[in-house]
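Chain by chain, the residues:
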Amino acid sequence: MTPQELLEDAARRPCEAADHVLEGVGAEALHARPGGANPVAWLLWHAARQEDAQVAALAGTEEVWTGQGWSARFGLDLPDADTGFGHGPEEVARVRVDSADLLRDYLGAVVERTAAYVRGLTAEDLDEVVDRSWDPPVTRGARLVSTLDDAAQHLGQAGYARGLAEEGWRGPW
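Residues numbered from 1 in each chain as written. Predicted model: local features only at pLDDT ≥ 70, side-chain atom pairs only at ≥ 80, totals over all residues. Heavy atoms only, no water.

Visitor: What exactly am I supposed to notice about the side chain of His154 here?
Guide: Mapped onto the secondary structure, His154 falls in helix 9 (residues 140-165). The exposure class assigned to His154 is buried, which follows from its relative accessible area of 11%. Residue contacts for His154: discarding those within four places in its chain leaves Leu43, His46 and Ala47. (Helix = DSSP H or I, 4+ residues; strand = E, 2+ residues; numbered from the N terminus. Buried < 20%, exposed > 50% of the residue type's maximum accessible area, 1.4 Å probe, protein only. Contact = heavy atoms within 4.5 Å.)

Take a look at the structure:
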């Protein structure tokens, strides 16, 4: 398996997790905040938004969020550049969606762009330093791994939040 194939596989996994978390979810569970936790809707939106923004920056392209019209489809009371980093309870509450399909479809569009991007990278591209503000400096490969890891963690949190919101719901795990 090449590094690009490995990254593509990792990039696609949040979609599989999202399918399980969102299957049959109702609006109440989608936006529930059990114990004050972030709701499923926010967690999936943020997982997709952070990946979208970070991969677009690496690729030097427009984000899927604005470039494919997802911002308008979501119609959130947040700036287009907002990815959810640093959100407090008030901002989290602004992420409300009418359907789980909207979340699933946006995540899918982001994942497809990420998969296409990583397929085109070379070993030299992955080793390129993209951020010197860290010690050690961050390579493109390390940034991709941290971005994909962040998305995977948020999908796990979404499964847990759904389990708390809907007593008796069990994911496939």
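Visitor: Looking at this structure, I do not really get the packing of aromatic side chains. What am I missing?
Guide: For the coordinates displayed, the defined rule picks out six aromatic pairs. An aromatic cluster of at least three residues, connected via ring pairs, comprises Trp42, Trp45, Trp65, Trp70, Phe74 and Tyr106. Its end group placed over the ring of Trp70, Arg73 keeps NZ or CZ at 3.9 Å from the ring centre. (Phe/Tyr/Trp six-rings, centres within 6.5 Å; stacked < 30°, edge-to-face > 60°. Lys NZ or Arg CZ within 6 Å of the ring centre and 35° of its normal.)

Visitor: What should I look at first to understand the nonpolar core in this one?
Guide: Within soluble globular proteins, side chains that are nonpolar tend to cluster in buried spots. In this structure, Leu22, Trp45, Phe74 and Leu103 are the most contacted members of the largest nonpolar core, which totals 37 residues. Elements with a contribution of two residues or more to this core: helix 1 (3-22), helix 2 (27-31), helix 3 (40-59), helix 4 (64-67), helix 5 (70-74), helix 7 (100-119) and helix 9. Formed by ten residues, the second largest nonpolar core is a distinct cluster that contains Leu7, Leu58, Tyr117 and Val118. (Core = buried A, V, L, I, M, F, W, Y, C linked by side-chain atoms within 4.5 Å.)

Visitor: Is there a simple way to explain the side chain of Glu8 in this structure?
Guide: Residue placement: Glu8 occurs in helix 1. Setting aside residues no more than four positions away along its own chain, Glu8 makes contact with Ala115, Val118 and Arg119.

Visitor: Looking at this structure, I do not really get the environment of Ser71. What am I missing?
Guide: Secondary-structure assignment places Ser71 in helix 5. Accessibility expressed as a relative area gives 13% for Ser71, which makes it buried. C-alpha separation for the pair Ser71 and Tyr106, spaced 35 residues apart in sequence, amounts to 9.7 Å. Setting aside residues up to four positions removed in sequence, Ser71 forms contacts with Trp65, Leu76 and Asp80.

Visitor: Would you mind showing me how to read the UniProt feature "domain: DinB-like" (unreviewed entry) in the protein chain here?
Guide: Mapped onto the present numbering, the UniProt feature "domain: DinB-like" (unreviewed entry) falls on residues 18-158. Measuring from the first to the last C-alpha atom of residues 18-158 gives 8 Å, for a span that is 62% helix and 4% strand. (UniProt positions renumbered as here; feature names shortened; annotations may be inferred.)

Visitor: Teacher, can you tell me more about the environment of Asp105 here?
Guide: Inspection of the secondary structure assignment puts Asp105 in helix 7. In this structure, the C-alpha to C-alpha distance between Asp105 and Cys15, residues 90 residues apart in sequence, is 9.2 Å.

Visitor: Even after reading the chapter, I still don't get the pattern of salt bridges, so can you show me in this structure?
Guide: Side-chain pairs of opposite charge can arise where the charged atoms are in close proximity. Taken as a whole and judged by the stated rule, the model has 13 salt bridges. Between Arg12 and Glu112 there is a salt bridge whose closest N-O contact spans 2.5 Å. With Arg12 in helix 1 and Glu112 in helix 7, the pair connects residues that are 100 residues apart, well separated along the chain. Relative accessible area serves as the criterion here: at 42%, Glu112 is assigned to the partly exposed category. Residues Asp19 and Arg104 are paired through a salt bridge, measuring 3.1 Å at the closest nitrogen-oxygen approach. (Salt bridge = Lys/Arg side-chain N within 4 Å of Asp/Glu carboxyl O.)

Visitor: Even after reading the chapter, I still don't get the packing of helix 3 against helix 9, so can you show me in this structure?
Guide: Pairs of packed helices are described in terms of their axes, by the angle between the two and the distance that separates them. The contact between helix 3 and helix 9 brings their axes to 8 Å, and the two run at 170°. Classified by the angle their axes make, helix 3 and helix 9 are roughly antiparallel. Residue classes in the contact of helix 3 with helix 9 are distributed as twelve nonpolar, six polar and five charged. (Axes fitted to C-alpha atoms, helices over the stretch in contact; angles between N-to-C directions. Parallel < 35°, antiparallel > 145°, perpendicular 65-115°, else oblique. Nonpolar A, V, L, I, M, F, W, Y, C, P; charged D, E, K, R; others polar.)

Visitor: Just to check I follow, could you spell out the packing of helix 1 against helix 7 for this structure?
Guide: Running from N to C, helix 1 and helix 7 cross one another at 175°; their axes reach a closest spacing of 9 Å. The pairing of helix 1 with helix 7 is recorded here as roughly antiparallel in orientation. On helix 7, the residues that touch Gln4, Leu7, Glu8, Ala11, Arg12, Pro14, Cys15, Ala18, Asp19 and Leu22 of helix 1 are Ala100, Leu103, Arg104, Leu107, Gly108, Val111, Glu112, Thr114, Ala115, Val118 and Arg119.

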